[in-house]
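If you want the building blocks of each chain, they are given just below.
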Amino acid sequence: MITKTYQLETLTCPSCMAKIQGALKKTEGVKESEVLFNTSKAKVTFDESVVESKDIKNTIERLGFEILGEK
Amino acid sequence: MRISKGKRVALSGILIIISFILKNTALDLMLANIFMIAAAIVAGFPIMKNAISALRYKIVGIDALVTLAVIGALLIGEYWEAAAVTFLFMLGEYLESKTLEKTRSSIKALLDLAPDVSRVVRNGIEVEISPDKVVKGDTVIVKPGEKISVDGTIIEGNAYINQSTITGESIPVDKGLEGTVYSGTIVESGYLKIRADRVGEDTTFARILEMVEEAQDKKAKTQKFLEKFSRYYTPSIIILAILLFLFTRDLVISLTLLVIACPGALVISTPVSIVAGIGNGAKHGVLIKGGDIMERLGKIEVLAFDKTGTLTEGKPKVTRIKAFGIEEDELLKITAIGETYSEHPLARAIKLSASEKFGSLNEEPEESEIITGEGLKVKIKGEDYLIGNRKLFTKSGINITEEEEVYVRAEEKHGQTVIFISNLKNMLGAISIADTVREDAKKLIKNLKSQGIKKVVMLTGDNERAAAAISEELGIDEYYAELLPEEKVEKLEILQRKFGPTAMVGDGVNDAPALASADLGIAIGGASTQVAMETADVVLMSDEVKKLSYAIGLSRATVKNMKQNIYFAIIVAAALIIGVLGKVVFLSSGMLIHELSVLLVIINAVRLLGYGDKGKSKAQVSI
């Protein structure tokens, strides 16, 4: 189980937050997810044997949010 | 193909204008409609794309509602409505992201200040490396205009250092050998060799950055409430829209209601104010750890201060010299020379005072004998002297006149510790020593009172006399002396019960339990004590206590700003719903008002960034 933080493009509406969080919650292997509005970051805890960081980034990007970096 | 948001908005806008020209000049109505549809598609495409991708995860967001409304509008031939809604939606989002960046700008500016290069000595050669590569114990070299990249101790040279990144104070401070320097501060003039004590993520600056980052998303109570509220609000609007359609069979009104009733301004109202407030604080050396704390700080009724190191400098200093029969300067010189070998804090205070006045004395006593717990007996230039407390005098049978006795008593009553000096027969003089009050403490207490703080209290482990003297000097309402750390906690509980929300202010060295048990813990001089920085809720990075009233003013301004935003957003949302139901507000005008309200809320928050700057704000601070 690891936790990664993704820096997203500036989030403008709190509803985006709910959207990303909802999508991550429904992604298999994701244990916990938190989207930080002010810092425009997504903190995701996931099981790397089930899902890869790449897939998580894909999920977020498919929702229309650019990922600027990860930690 | 990827087109930036800005270009997309511009293109859509141009298409709308062309369409309008064609329509009004009646050149080609068909073509005008095509242009309008094109405008709707250009601006609407990303909205629809987002809507579809969200639907895949069974999430119905605002994108889906807008898409639905636009398709509906296109089907019934309302091309202008379709284009206007998508255009306004995209334009709004574009402008919002720009203004939002502004609210976050002071924090971003802080992040940009992190040092990016470090010059260290490796194998006797100066090399430039990334600050992450510096290890503890490295010798770091910093030249004028450069940023210090580690927390460390000066081992060579001296310099004027601008520490504003840490303390918020931009007047450079002079530091020399053995001085402590911080990462992120700038050497304005001079040259330094520094031994790295803390590097990378462990430096004070890195810790501050991390805390400020975290603080932004620690939600205020109001924010949590609003998020809960919007969780019920959105579904109820959807139900209302469905009911509306069932009863009126009016698709346009139902869709309009769906789109414009999105609680955007309401949900954004709190976080934007908080982030601007925290950003402003960080810029001024005040670290407020989150929205919740921001709200609590504004509501504090009682402030309890620790004495030593908080209201006072924490270092004893010579406050008064009185000589009987000889010159005062002469008295100070004799005493300082006599104390040459002593490391007692009082002796250090005397030596410091002498070296400030006369420079280095370069003289030593010929003989020096320590009388434990009482003082010294020394011989200087063939003369014997006694330097010490009252006990030493009484025991040695030194004659004290009535006048001398009155003077000493008065000094002691004012919380001074008095050092007696004699030539074995008569008293030559008395030197008063006390922990001095911080210069800005008096002003702070006055400011706090005018800010409406109900009670200012001092809790100290020090003796009754010293506590009484200082609390009188500063105008403190109540003081409690000779307290043990756990008794401070008890006193705080009493204050909380009697007067309401209580904050404890300390330097964090020995009042950690009190800081933790108060409604709010405020640490001062945070840059020098990392423990305090971690445990306190509010940290004043510099030693200036007067920043406390700034912090309180800022938190109140932030809460006020937040409330303005909330009320405004509620009024706009209510007005829009009524407008739609009353058929006064349509899709495009509703969208315009909605987007404008979101923008206004953000712009209102941006105003907070200017709090405390220049003349106007001085008035605000002292309110």
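Within each chain, residue numbers correspond to sequence positions counted from 1 in written order. Note on labels: chains are lettered from A, ligands numbered from 1, in written order. The model is predicted, so local features are restricted to residues of pLDDT at least 70 and side-chain atom pairs to those at 80 or more, both for listing and for counting; the totals for chains, interfaces and linings are taken over all residues.

## A word on the environment of Val437 of chain B
Residues and elements named next belong to chain B.
Moving on, step 1. With respect to the helices, strands and loops of the structure, Val437 is situated in strand E17 (residues 427-437).
Moving on, step 2. Burial in this document is a count-based property: other C-beta atoms within 10 Å of a residue's C-beta are tallied, and the residue is buried at 20 or more, exposed at 12 or fewer, or partly exposed in between, with C-beta positions derived from the backbone. Judged by C-beta crowding, with 16 C-beta atoms within 10 Å, Val437 ranks as partly exposed.
Moving on, step 3. Sequence separation between Val437 and Val275 is 162 residues; the distance between their C-alpha atoms is 35 Å.
Moving on, step 4. Contact partners of Val437, with chain neighbours within four places excluded, come to Leu311, Thr312, Lys442, Ile470, Glu473 and Leu474. Strands are runs of DSSP state E lasting at least 2 residues, helices are runs of H or I lasting at least 4, and numbering of each runs from the N terminus. Two residues qualify as being in contact provided that their C-beta atoms, derived from the backbone, are within 7 Å of each other.

## Examining the sheet that holds strand E13 (residues 367-371) of chain B
Residue and element names in this part refer to chain B.
Moving on, step 1. At least two bridges found by DSSP between two strands is the condition for calling them paired. Across the sheet, which stays open at both edges, the six strands sit in the order E12-E17-E16-E15-E14-E13 with antiparallel pairing between neighbours. Both outer strands of the open sheet, strand E12 (312-323) and E13, are each paired with one neighbouring strand and no more. Between one strand and the next, the sheet's axes are offset by a mean angle of 20°, whatever the strand orientation.
Moving on, step 2. In the sheet, strand E15 (residues 383-388) pairs with strand E16 (residues 417-422) via three bridges, with the strands oriented antiparallel. Bridging from a neighbouring strand, Gly388 pairs with Phe420 of E16.
Moving on, step 3. Relative to E12, helix H14 (residues 345-358) is tilted by about 65°, and along the sheet it contacts E12, E16 and E17. Here an angle of 0 to 180 degrees is reported between the N-to-C directions of two axes, which are lines fitted to C-alpha atoms, with helices fitted over the stretch in contact.

## Structural notes on the pairing of strand E2 (residues 30-36) of chain A
Moving on, step 1. With six bridges joining them, E2 of chain A and strand E3 (residues 41-46) of chain A adopt antiparallel strand pairing. Pairing of Val35 of chain A across the sheet is with Ala42 of chain A, part of E3 of chain A.

## Let's talk about the interface of chain A and chain B
Moving on, step 1. Facing 16 residues of chain A, the contacting portion of chain B comprises 23 residues.
Moving on, step 2. Element by element, the count of residues in the side of chain A that touches chain B is highest for helix H1 (residues 14-25) of chain A, at five residues.
Moving on, step 3. Residues are grouped as follows: nonpolar covers Ala, Val, Leu, Ile, Met, Phe, Trp, Tyr, Cys and Pro; charged covers Asp, Glu, Lys and Arg; every other residue, Gly included, is treated as polar. When grouped by side-chain class, the residues that make up the side of chain A that touches chain B number six nonpolar, seven polar and three charged.

## Regarding the confidence of the model for chain A
Moving on, step 1. Of the residues in chain A, 96% have a pLDDT of 70 or more, and the chain-wide mean is 84.
Moving on, step 2. In predicted models, pLDDT denotes the confidence assigned by the predictor to each residue on a 0 to 100 scale. Looking at the elements of chain A, mean pLDDT is at its lowest for H1 of chain A, recorded as 79, and at its highest for E3 of chain A, recorded as 89.

## Topic: unusual backbone geometry
All names here are of chain B.
Moving on, step 1. Phi is positive for Asn123, close to 55°, though the residue is something other than glycine.
Moving on, step 2. As for its placement among the helices and strands, Asn123 is situated in the loop between strand E1 (118-122) and strand E2 (125-129).
Moving on, step 3. In the Ramachandran plot, Arg249 falls in the positive-phi region, its phi being about 60° despite a non-glycine side chain.
Moving on, step 4. Among the structural elements, Arg249 can be located in the loop between helix H8 (221-248) and helix H9 (251-260).

## Quick word on H9 of chain B
Moving on, step 1. Burial within H9 of chain B is extensive, with eight of its ten residues counted as buried.
Moving on, step 2. Elements in contact with the buried residues of H9 of chain B: helix H3 (62-75), H8, helix H22 (547-581) and helix H23 (587-607) of chain B.

## Notes on the environment of Ala304 of chain B
All names here are of chain B.
Moving on, step 1. Its location among the elements puts Ala304 in strand E11 (residues 302-306).
Moving on, step 2. As a C-alpha pair, Ala304 and Leu495 span 191 residues in sequence and 8.8 Å in three-dimensional space.
Moving on, step 3. In contact with Ala304, other than residues within four places in its own chain, are Val457, Leu459, Leu492, Leu495, Thr502, Met504, Val505 and Ala518.

## Quick word on the sheet that holds strand E1 (residues 2-8) of chain A
Backbone hydrogen bonds are what pair the strands of a sheet, in a parallel or an antiparallel way.
Residues and elements named next belong to chain A.
Moving on, step 1. A sheet is described by the order of its strands in space; here four strands give the open sequence E2-E3-E1-E4, paired in antiparallel fashion. Among the strands making up the open sheet, the edge pair consists of E2 and strand E4 (67-70). Across this sheet, the average inter-strand angle for adjacent strands is 20°, counted without regard to direction.
Moving on, step 2. Where E1 meets E3, six bridges bridge the pair, whose relative direction is antiparallel. In the sheet register, Thr5 faces E3, and the bridge partner there is Lys43.

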